[in-house]
Amino acid sequence: METGFTFTNTLAAILTIGIISFLWRDNPLYKVCEALFVGVSAGYWFVSLWYQNLLPQLFDNLGISQLFSSGSAEDGALQVLFKQGRFDDRLFYLVAGLLGLMMLMRLIPNLGWISRWPLGFIIGTTSGLYFTTYFQSNAMAQLKSTVLPFTTVGNIVMVVGTICGLVYFYFSKEHKGALGGAAKIGTWFLMITFGASFGYTVMSRMSLLIGRFDFLFSTWLGLVK
Amino acid sequence: MRREIPLIITAIVGFTYIIQFFVPHWPFNILEGLLTSWMLIIFAFAIWLGALNLLKVSLDKISKRSRDWPYAIITIAGFLMIAIPGFLFSGGRRFQDPGTAFDYIYQNVYSPLSSTMFAMLAFYVASASYRAFRARTKEATLLLLAAFFVMLGRVPIGDVLSSFLPEGYRMSQMADWIMNYPQTAGQRAIMIGIALGIVSTSLRLILGIERSHLGGE
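Residues numbered from 1 in each chain as written. Chains lettered and ligands numbered in written order. Predicted model: local features only at pLDDT ≥ 70, side-chain atom pairs only at ≥ 80, totals over all residues. Heavy atoms only, no water.

With respect to the overall build of chain B
Within chain B one finds 9 helices and 0 strands. Listing every helix and strand of chain B by position from the N terminus yields α-α-α-α-α-α-α-α-α. In terms of C-alpha radius of gyration, chain B reaches 26 Å, well past the compact-globule figure of 17 Å for 217 residues. Considering only C-alpha atoms, chain B reaches an extent of 70 × 50 × 40 Å along its principal axes. Considering chain B as a whole, with its 217 residues, one finds that 41% of them fall into the buried category. Taking the contacts inside chain B whose residues are at least 6 apart along the sequence as the reference set, 28% of them involve residues at least 24 apart. (Helix = DSSP H or I, 4+ residues; strand = E, 2+ residues; numbered from the N terminus. Rg over C-alpha atoms; globule rule 2.2 N^0.38 Å. Buried < 20%, exposed > 50% of the residue type's maximum accessible area, 1.4 Å probe, protein only. Contact = heavy atoms within 4.5 Å.)

Okay, here's the thing in structure tokens:
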């Protein structure tokens, strides 16, 4: 990366300082940077999804993008239909395009209800997909990896911790007696988990913060060599 | 029609995925591939909807001169600042290549803003930890100790401070042990709980018992 007071470095530095200025208090510079961030983020995904998803998946398969580009691009479903007179499976992508357009109907107040159809589709696909994948990878596979021989302290901790943690989440019976004791031990394990995850998160955020200060003091100002 | 058809779509699509898992043969394997590619396209439209809605809300704010409306102009300007170069001046499908206008804005505007925004969380996490880490109870002490070992074990000073301890008991090794065993045990309990919750919620959605996502009317 180029160092010093170049236009790009100064622009990035102003934006960085603008966001950090919120630590002082909510101020116009922060609000400008925040509004810019929201707009640029939306624009970034708008463009990225067009080129990475909609264009190759929908418009290329249907043959719509081929209508607007010259060259030797492969024929889409519409070209196959009208030039060769045969049905191409990719014509089914019309349904996806139609559902996508129905999703955009949400922007028109009177027609907003139409977006429930694609919403129903998304809910159905994610539910069906998660039903099997989560059960397989997050429940069965985790249980399988937990059943370990009691040969090391680590293995004992793993088995006891997982079972007691699960007991804590069992609410069909009052946590009393042996169940209560196991739930209590489960709480300890959960607290260790939260503490460790917290520590891990703090370190990752600190690393990002150090990166930004490194940019300001080393790349931009050149104070740190 | 406004509620029944979406419920029918959800049920058909959801059951197709579940059947495909147990019967991965024709026609279910073909259907699964087709539905997944449709899903990706509809997801993209859903994110487009979000972006377009942001523009609509911002324009509304400007036209009504609502509170803080000048910032809405900056939001729209930010959107156009990356969208116009992305569509018109960045080489089409190679829009993310180094040196394009889109990449320039990504590197010099989006990237500093997003990394600083996430880095700011370090301060808020520090302030939250001050409140959470007061060792008032046994549970809070465990939270504090686990975080202490993990944080110190991830930086070189942790091993320097614990260099007098025998090999295997130094700070980084303690942190690794915590992450590999007690942390993983608790994490597994949470993951299994979440998985069972997702399975039951998915079934409720597919069967149409849960329909709050469709709203009123």
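Quick word on the side chain of N155 of chain A
Relative to the elements of secondary structure, N155 of chain A occurs in helix α7 (residues 153–168). A polar contact is formed between the side chain of N155 of chain A and the backbone oxygen of P149 of chain A, at a distance of 3.0 Å. Leave out the neighbours within four places in its chain, and N155 of chain A touches L148 and P149 of chain A together with Y181 of chain B. (Polar contact = N/O pair within 3.5 Å; in protein donor to acceptor, adjacent residues only side chain to side chain.)

Considering the pattern of salt bridges
Summed over all chains, the structure comprises 10 salt bridges over all chains. Here D88 of chain A makes a salt bridge to R90 of chain A, at a shortest N to O gap of 3.1 Å. For the pair shown, D88 of chain A and R90 of chain A are each scored as buried. The residue E167 of chain B makes a salt bridge to R170 of chain B at a minimum N-O spacing of 3.1 Å. Its relative accessible area of 57% is what places E167 of chain B among the exposed residues. (Salt bridge = Lys/Arg side-chain N within 4 Å of Asp/Glu carboxyl O.)

Concerning the nonpolar core
Counting residues in each nonpolar core, the largest one holds 55 residues, and the members touching the most others are F121 of chain A together with L113 of chain B. Taken together, the elements giving at least two residues each to this core come down to α1 (7–20), α2 (28–62), α5 (93–104) and α6 (116–146) of chain A together with α1 (4–22), α2 (28–63), α3 (69–88) and α4 (101–119) of chain B. Among the elements that take part in this core, α2 of chain A stands out by supplying 16 residues, more than any other. Ignoring anything within four residues of it in the chain, the contact list for L113 of chain B reads L15, I19, C33, L36 and F37 of chain A. (Core = buried A, V, L, I, M, F, W, Y, C linked by side-chain atoms within 4.5 Å.)

Overview of the packing of aromatic side chains
Describing an aromatic ring pair means giving the distance of the ring centres and the angle of the ring planes. Here the structure, examined in full by the defined rule, presents 27 aromatic pairs over all chains. A ring pair is formed by F46 of chain A and F87 of chain B, whose centres lie 6.1 Å apart and whose planes are at 85°; its orientation type is edge-to-face. You can see F46 of chain A sitting in helix α2 and its partner F87 of chain B sitting in helix α3, one on each of two chains. Residues Y168 of chain A and F171 of chain A carry aromatic rings whose centres are separated by 6.5 Å and whose planes lie at 70° to one another, so their mutual orientation is edge-to-face. Taking the relative accessible area as the measure of exposure, Y168 of chain A reaches 30% and is therefore partly exposed. The residue whose ring lies beneath R65 of chain B is W69 of chain B, and the NZ or CZ to ring-centre distance is 4.4 Å. (Phe/Tyr/Trp six-rings, centres within 6.5 Å; stacked < 30°, edge-to-face > 60°. Lys NZ or Arg CZ within 6 Å of the ring centre and 35° of its normal.)

Focus: the interface of chain A and chain B
If you look at the interface, chain A gives 113 residues, while chain B gives 109 residues. Buried area between chain A and chain B, both sides added, is near 10,800 Å², and the carbon and sulfur share of it is 80%. Our enumeration of links across chain A and chain B arrives at 3 salt bridges. Among the salt bridges present, the one from K184 of chain A reaches E139 of chain B, with a minimum N-O distance of 2.9 Å. Viewed at the interface, chain B and chain A are joined by 19 residue pairs in polar contact (both at pLDDT 80 or more). At the level of secondary structure, the elements contributing two or more residues to the side of chain A that touches chain B comprise α1, α2, α5, α6, α7 and α8 (177–220) of chain A. Considering each element in turn, the side of chain A that touches chain B owes the most residues, 31 residues, to α2 of chain A. Here the side of chain A that touches chain B is composed, by residue class, of 71 nonpolar, 34 polar and 8 charged. (Buried area = accessible area lost by both parts, 1.4 Å probe. Nonpolar A, V, L, I, M, F, W, Y, C, P; charged D, E, K, R; others polar.)

A look at α5 of chain A
In a regular helix each residue adds 1.5 Å, so 12 residues correspond to 16 Å; α5 of chain A covers 17 Å between its end C-alpha atoms and thus fits that length. Among all positions of α5 of chain A, only Y93, A96, G97, L99, G100, M102, M103 and L104 of chain A are buried. In this structure, the buried residues of α5 of chain A make contact with α2 and α6 of chain A together with α2 of chain B. (Expected span 1.5 Å × (residues − 1).)

Everything listed here is a matter of coordinates, which is why it stays silent on function.
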